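Listed below, chain by chain, are the residues.
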Amino acid sequence: MKPTFSRPLADLLRPKSLEDLVGNHRGVPHDLCSQILWGPPGCGKTSYARVVAASSSLPQVSLSGVTSSATQFREVFDRAGRGQSILLLVDEIHHHFEEKCTSPAK
């Protein structure tokens with residue numbers, strides 16, 4: 001009988017803690033200031049960012065360059081501008097800039 005899974009295998013194997021990032025402890029920042037993760041799809045950028053964020057005591061906000069609105073980005077930047085420390089994860093941000101770069105000038 002085949003085992004059945006309620007979630008995709010990749011989701012079940014995705015690291016959930018710093019300890020799960022075997023061999024990568026040197027890549028985990030001690031001082032979360034700013035990081036840009038770049039690489040091909042599926043290499044673990046988002047998983048890595050979520051694990052590092054989960055280990056932080058900062059309030060976290062996750063936005064998407066595909067589905068989040070400019071208003072949502074402004075709200076987060078306004079909070080940060082008022083001195084609130086926020087850990088902001090922006091996934092697929094390149095989609096936002098691609099749209100801006102390829103749309104005709106107004």
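The structure we're discussing is the one just above.
If you're wondering where the values come from, they're calculated on a predicted model, not measured in any experiment. (Residues numbered from 1 in each chain as written. Predicted model: local features only at pLDDT ≥ 70, side-chain atom pairs only at ≥ 80, totals over all residues. Heavy atoms only, no water.)

Asker: With reference to specific residues and values, describe the nonpolar core.
Answerer: Counting residues in each nonpolar core, the largest one holds five residues, listed as Val61, Leu63, Phe73, Val76 and Ile86. Those elements that provide at least two residues to this core are strand S1 (60–64) and helix H3 (70–81). Ignoring sequence-local partners within four residues, the contact set of Ile86 consists of Pro59, Val61, Val76, Arg79 and Ala80. (Core = buried A, V, L, I, M, F, W, Y, C linked by side-chain atoms within 4.5 Å. Buried < 20%, exposed > 50% of the residue type's maximum accessible area, 1.4 Å probe, protein only. Helix = DSSP H or I, 4+ residues; strand = E, 2+ residues; numbered from the N terminus. Contact = heavy atoms within 4.5 Å.)

Asker: So what's going on with the side chain of Ser68? Residues and values would help.
Answerer: Tracing the backbone shows Ser68 in the loop between S1 and H3. Under the relative-accessibility criterion, Ser68 is labelled buried at 17%. Side-chain polar atoms of Ser68 contact the backbone nitrogen of Ser64, separated by 2.7 Å. (Polar contact = N/O pair within 3.5 Å; in protein donor to acceptor, adjacent residues only side chain to side chain.)

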